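A closer look at the structure
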Amino acid sequence: MGSDSEAERSQKEKEKKKMLALAPIAKPLAGKKLGKRTLKLVRRAAEDKCLKRGVKEVVKSIRRGHKGLCVIAGNISPIDVITHVPILCEESDIPYVYVPSKEDLANAGATKRPTCCVLVQTKPTKGELSAEKQDKLKADYDQVVNDISELTSSLF
């Protein structure tokens, strides 16, 4: 019984550290439920090869006119690395959301290296998806985008 409470305590301490490391511009920040749903979408997109990882790839895709959902890590240091990404997203009408941890974003994106931001697309860059996988990805994508739009409308 004591080990469970110690494990819970250490997990709560990790969560606190993640929240303390957040950048001041990390708004709209996904809550616990939306964060889990967003990372699940990123994981599914990584499996289906519908994901652009890293600032360079994301910016290149946005400038080329690709649409999707931009997920940005909130604990990036120095913050100057990602300050231009939300502006690009707003100019291109691409929804974006911050998640608390770059490590969690990397794990969801199937990389070992911490990732600053990812762009979730509904169609893979090469090849085609089966209709079933495409529908499932699109449904998850639409649900997360709706939740993000509700979150941003309550902020502004």
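Conventions we followed
- Residues numbered from 1 in each chain as written.
- Predicted model: local features only at pLDDT ≥ 70, side-chain atom pairs only at ≥ 80, totals over all residues.
- Heavy atoms only, no water.
- Buried < 20%, exposed > 50% of the residue type's maximum accessible area, 1.4 Å probe, protein only.
- Helix = DSSP H or I, 4+ residues; strand = E, 2+ residues; numbered from the N terminus.
- Pairing = 2+ DSSP bridges.
- Right-handed = clockwise from strand over helix to strand, strands pointing away.
- UniProt positions renumbered as here; feature names shortened; annotations may be inferred.
- Axes fitted to C-alpha atoms, helices over the stretch in contact; angles between N-to-C directions.
- Contact = heavy atoms within 4.5 Å.
- Core = buried A, V, L, I, M, F, W, Y, C linked by side-chain atoms within 4.5 Å.
- Phe/Tyr/Trp six-rings, centres within 6.5 Å; stacked < 30°, edge-to-face > 60°.
- Left-handed = near helix turned anticlockwise from the far one by under 90°.
- Nonpolar A, V, L, I, M, F, W, Y, C, P; charged D, E, K, R; others polar.

1. Brief notes about the pairing of strand β2 (residues 69–73)
By the criterion of burial, β2 is predominantly enclosed, with five of the five residues buried. Burial of the side chains of β2 extends over both faces: L69, V71 and A73 are buried on one face and C70 and I72 on the other. The pairing of β2 with strand β3 (residues 96–99) spans four bridges and is parallel. Across the sheet, the residue bridging to V71 is V97, located in β3. The handedness of the β2 to β3 crossover, carried by helix α4 (residues 85–91), is right-handed.

2. Points about the UniProt feature "domain: Ribosomal protein eL8/eL30/eS12/Gadd45" (unreviewed entry) in the protein chain
In the UniProt entry, the feature "domain: Ribosomal protein eL8/eL30/eS12/Gadd45" (unreviewed entry) is given for residues 39–123. For residues 39–123, the end-to-end C-alpha separation is 18 Å, with 38% helix and 19% strand making up the annotated structure.

3. A word on the sheet that holds β3
The mixed open sheet is built from four strands, whose spatial order is β1-β4-β2-β3. Sheet topology places β1 (51–53) and β3 at the edges, where each strand pairs with a single neighbour. Sheet twist, expressed as the average angle between the axes of neighbouring strands with direction ignored, equals 20 degrees. Those strands touched by helix α6 (residues 131–155) are β2, β3 and β4 (117–120), and its axis lies near 65 degrees from that of β2.

4. With respect to the nonpolar core
In terms of nonpolar packing, the biggest core is built from 41 residues, with V42, L69, C70, V71, I72, L105 and V120 touching the most fellow members. The set of elements that each furnish at least two residues to this core consists of α2 (32–47), α3 (55–63), β2, α4, β3, α5 (102–108), β4 and α6. At six residues, α2 tops the list of elements feeding residues into this core. Not counting residues up to four positions away in its chain, the partners in contact with L69 are L41, I94, P95, Y96, V118, L119, V120, Y141, V144 and I148.

5. A closer look at the packing of aromatic side chains
For the structure on display, the rule yields one aromatic pair. Ring geometry for Y96 against Y98: centres 6.3 Å apart, planes inclined by 80 degrees, an arrangement best described as edge-to-face. Per residue, the accessibility class of Y96 equals that of Y98, and both read buried.

6. Re the side chain of N75
Note on placement: N75 falls in the loop between β2 and α4. The class for N75 is buried, based on a relative accessible area of 14%. The contacts of N75, once residues within four sequence positions are left out, are A21, L22, P100, S101, K102 and E103.

7. Quick notes on the packing of α2 against α6
The contact between α2 and α6 brings their axes to 10 Å, and the two run at 145 degrees. As for how α2 packs across α6, the hand of that crossing is left-handed. Taking contact as the criterion, the partners of L34, R37, T38, L41, R44 and A45 in α2 are, on α6, K136, L137, D140, Y141, Q143, V144, D147, I148 and L151. Tallied by class, the residues present in the contact of α2 with α6 amount to eight nonpolar, two polar and five charged.

8. With respect to the environment of A26
Along the polypeptide, A26 turns up in the loop between α1 (2–20) and α2. On the accessibility criterion, A26 (6% relative accessible area) is buried. Expressed as a C-alpha distance, the spacing of A26 and N75, which sit 49 residues apart in the sequence, is 8.4 Å. Not counting chain neighbours up to four residues away, the residues in contact with A26 comprise G74 and Y98.

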